[in-house]
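Structural description and commentary
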Amino acid sequence: MSSPEKTIHTYHCICTQLVLATTTPLPSLKTRTSDSSHILPLPSLSSTSPTSHYASLANTIIDAKPTVIRLEDGFEKRYFHKCGRCELSVAYSLDKSQFDDTKSSSGAREDVAFLIPGGLVDTEDMKRGKDMDAEIAKVGVKAT
Ligand SMILES: [Zn+2]
């Protein structure tokens, strides 16, 4: 048998810009308890075997400076990934100082991103939504 081919799932910003390609569909990703964001590992290409998880943010711009978010039990530094087209934040990375193993460093931790809930649209859903709009338009004409 040849190696199994991974399905790539793609997601769009609500403005329809493609912003994410991943082999793990969003509903299968773990979520963060504090804000229900999806935890997306971003493995570097060199460490990726053909059968493991792969994901990549596309057409996004990461903030150069972190935004400090106040939480109930302290604060955290987030670097927002913004859609390159409409500048909506679709995901964020945390500062290295937020992680136990890179506590003494600073800067965006690039091997994991958190996807903001409600910020992304499944390509399939987007297609369906377009069909739906067309249907509604047709019905609208008939209804008059
Ligand atoms: Zn957008």
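Each remark here, short or long, concerns the structure printed above.
Report on the accompanying structure. Since the structure is predicted, the reported quantities are computational estimates derived from the model, not experimental observations.

**Observations concerning the coordination of the zinc ion**
- For the zinc ion, the full set of protein donor atoms is Cys13 (SG), Cys15 (SG), Cys83 (SG) and Cys86 (SG), at a range of 2.2 to 2.3 Å.
- For the zinc ion, the four donor atoms are set out with angles of 104 to 113° between them, so the coordination reads as tetrahedral.
- Each donor residue of the zinc ion belongs to the same chain, and together they define the spacing C-x1-C-x67-C-x2-C. Here cysteine 86 lies in the loop between strand E7 (74-83) and strand E8 (89-94) and cysteine 13 lies in strand E1 (residues 9-13), a separation of 73 residues in the sequence.
- Judged by its relative accessible area of 1%, cysteine 13 falls in the buried class.

**Side note on the nonpolar core**
- Core analysis: the largest hydrophobic core is formed by 17 residues, its most contacted members being Leu20, Leu26, Leu40, Leu115 and Leu120.
- For this core, the secondary structure elements donating two or more residues are E1, strand E2 (18-22), strand E4 (55-57), E8 and strand E9 (112-115).
- Beyond its immediate chain neighbours, meaning those up to four positions away, leucine 26 contacts Tyr11, Leu20, His38, Leu115 and Leu120.
- Counting six residues, the second largest nonpolar core, distinct from the first, contains Tyr92, Leu94, Phe99 and Val112.

**With respect to unusual backbone geometry**
- Phi at asparagine 59 takes a positive value of approximately 55°, unusual for a residue other than glycine.
- Mapped onto the secondary structure, asparagine 59 falls in the loop between E4 and strand E5 (60-62).
- Although it is not a glycine, glutamate 87 sits at a positive phi angle of roughly 65°.
- Tracing the backbone through its elements, the reader meets glutamate 87 in the loop between E7 and E8.

**Describing the sheet that holds E1**
- Read across the open sheet, the four strands follow the order E4-E2-E1-E10; overall the sheet is antiparallel. Each end of this open sheet is capped by a strand with a single partner; those strands are E4 and strand E10 (120-122). On average, each strand axis in the sheet is inclined to that of its neighbour by 25°, with strand direction left out of account.
- Note: E1 against E10, three bridges, orientation antiparallel. What sits directly across from tyrosine 11, in E10, is aspartate 122.

**So, the packing of aromatic side chains**
- Under the defined criterion, the tally for this structure stands at two aromatic pairs.
- Residues phenylalanine 80 and tyrosine 92 carry aromatic rings whose centres are separated by 6.1 Å and whose planes lie at 70° to one another, so their mutual orientation is edge-to-face. In this pair, phenylalanine 80 is assigned in strand E7 and tyrosine 92 in strand E8, connecting sequence segments twelve residues apart. Accessibility assignment for this pair places phenylalanine 80 and tyrosine 92 in one class, buried.
- Between the aromatic rings of tyrosine 92 and phenylalanine 114, the centroid separation amounts to 5.3 Å while the plane-to-plane angle is 20°, which identifies the pairing as stacked. Of this pair, tyrosine 92 sits in strand E8 while phenylalanine 114 sits in strand E9; the two residues are 22 residues apart in sequence, bridging distant segments of the chain.

The rules we used
- Residues numbered from 1 in each chain as written.
- Predicted model: local features only at pLDDT ≥ 70, side-chain atom pairs only at ≥ 80, totals over all residues.
- Heavy atoms only, no water.
- Donors = N, O, S within 2.8 Å, 3.2 Å for Na, K, Ca; no water.
- Tetrahedral: all angles 85-135°; square planar, octahedral: opposite > 155°, others 65-115°.
- Helix = DSSP H or I, 4+ residues; strand = E, 2+ residues; numbered from the N terminus.
- Buried < 20%, exposed > 50% of the residue type's maximum accessible area, 1.4 Å probe, protein only.
- Core = buried A, V, L, I, M, F, W, Y, C linked by side-chain atoms within 4.5 Å.
- Contact = heavy atoms within 4.5 Å.
- Pairing = 2+ DSSP bridges.
- Axes fitted to C-alpha atoms, helices over the stretch in contact; angles between N-to-C directions.
- Phe/Tyr/Trp six-rings, centres within 6.5 Å; stacked < 30°, edge-to-face > 60°.

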